[in-house]
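# Overview (structure and organization)
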Amino acid sequence: MAKRAKRKKTEALAQPVAGRFAIGAVAAVALGYGLLWRPASVQPVRKQAAHQVPAPSSPAPSAPAPSAPVHVAAPVQAPAPAPVPIPVPAPAPRIETPKAADAPGRFVRQVVDYASHQTPGTVVIDTGNTFLYLVLNDGQAMRYGIGVGREGFTWSGEQTVARKTEWPDWRPPAEMISRQPYLPRFMAGGPGNPLGARAMYLGDTEYRIHGTNKPDTIGKRVSSGCIRLTNDDVMDLYDRVKVGAKVIVLPAQAAPMLAEK
């Protein structure tokens, strides 16, 4: 009897323990099933890092403003191309008449009608009328008033311009010094020099076409054979005449080879 009672007591204690183990097993299976089959829509919430600043929310769109009237500019038309000018042959030029303020009356430098068959650039010296002509073309010449050699010192013939000098030095030739021993043997170029502002030397002679510091001698026969012009005129002639140009000196009493109209 005692053994039966003891066995029943043991079975009574074992039943609650077995039930507990069964309940625990069922709970574990249920928990694992829940974890494996958790809905995909549920996302884990991550904590925002402390250094991240939440982006500002976009403001609600406001009502559109009334549109302003749009002005459309008129189309710009490209200007028509300018017509290409057709070259027109220029007429034969006539030289503008220059003036020399310090030359008296008829000895003012000027362009004149002058019949000539000489090459343009040729110098013709009319000793008798105290004019120098620079041939411009077959119908014109530039005319200058000049001073020429005094009686006994005139000459005639043809020469060429051998060289040209600005503000030339003066060395009187021996023949001139023998006649006028008081003359200096040398004088540097400058305003006080008798040769003036420019000189054009004729061939290998002692003769020159040059300026003068005495403009009142233009139109007179006062030199030792050289041809003199005012400084303004000789500078103008100097710029026009080339080295190698022909120079024709007419005799004082001869009929003119070329005629001024």
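Moving on, we come to the pairing of strand 11 (residues 246-250). Counting buried positions along strand 11 yields 4 of 5 residues, so the element is predominantly enclosed. Two elements, strand 6 (residues 157-166) and strand 11, share 4 bridges in a ladder whose sense is antiparallel. The partner of glutamine 159 across the bridge, within strand 11, is valine 247.

All right, on to the nonpolar core then. Ranked by internal contacts, the top residues of the largest apolar core, which has 23 residues, are Ile125, Leu132, Ile209 and Leu237. Residue assignment for this core shows that the elements contributing at least two residues are strand 2 (123-126), strand 3 (131-135), strand 4 (140-145), strand 7 (198-202), helix 3 (231-240) and strand 11. Top contributing element to this core by residue count: helix 3, with 3 residues. Judged by nonpolar contacts, the second largest core, of 11 residues, contains Phe107, Val112, Val135 and Leu250.

Scanning all chains against the criterion turns up 4 aromatic pairs. Between phenylalanine 131 and tyrosine 133, the aromatic rings sit 6.2 Å apart at their centres with planes inclined by 65 degrees, giving edge-to-face as the arrangement. Each ring, one from tryptophan 155 and one from tyrosine 207, has its centre 4.6 Å from the other, and the planes form 10 degrees; the classification is stacked. A residue pair is termed long-range when its members are at least 10 positions apart, and tryptophan 155 in the loop between strand 5 (148-149) and strand 6 and tyrosine 207 in the loop between strand 7 and strand 8 (208-210) qualify at 52 residues. According to the relative accessible area criterion, tryptophan 155 is buried, its value standing at 16%. Residue class for tyrosine 207 comes out partly exposed when judged on its relative accessible area of 25%. Connected via pairs of aromatic rings, a cluster forms that spans Phe107, Tyr114, Phe131 and Tyr133. Residue placement shows lysine 164 over the ring face of tyrosine 238; its charged tip is 4.4 Å from the ring centre. A cation over a ring is seen here: arginine 198 above tyrosine 238, with NZ or CZ 5.5 Å from the ring centre.

Right, let's get into the confidence of the model for the chain. Counting all residues, the mean pLDDT for the chain is 76, and 57% of those residues have values of 70 or more. Low pLDDT (under 50) marks residues 96-103, which in the prediction has 17 contacts with non-local residues, meaning those over four places away or in another chain.

So, about the pattern of salt bridges. Counting across every chain of the model gives 3 salt bridges. Ionic pairing is found between aspartate 233 and arginine 109, a salt bridge with its closest N-O pair at 2.5 Å. Of this pair, aspartate 233 sits in helix 3 while arginine 109 is found in the loop between helix 1 (2-36) and strand 1 (110-115), placing the two residues 124 residues apart along the sequence. What makes aspartate 233 buried here is its relative accessible area of 1%. By relative accessible area, which is 8% here, arginine 109 ends up buried. Between aspartate 236 and arginine 240 there is a salt bridge, with the nearest N and O atoms lying 2.8 Å from each other. Of the two residues, aspartate 236 and arginine 240 both sit in helix 3, 4 residues apart, roughly one turn of that helix.

The rules behind these values
Residues numbered from 1 in each chain as written. Predicted model: local features only at pLDDT ≥ 70, side-chain atom pairs only at ≥ 80, totals over all residues. Heavy atoms only, no water. Buried < 20%, exposed > 50% of the residue type's maximum accessible area, 1.4 Å probe, protein only. Helix = DSSP H or I, 4+ residues; strand = E, 2+ residues; numbered from the N terminus. Pairing = 2+ DSSP bridges. Core = buried A, V, L, I, M, F, W, Y, C linked by side-chain atoms within 4.5 Å. Phe/Tyr/Trp six-rings, centres within 6.5 Å; stacked < 30°, edge-to-face > 60°. Lys NZ or Arg CZ within 6 Å of the ring centre and 35° of its normal. pLDDT = per-residue confidence, 0-100. Contact = heavy atoms within 4.5 Å. Salt bridge = Lys/Arg side-chain N within 4 Å of Asp/Glu carboxyl O.

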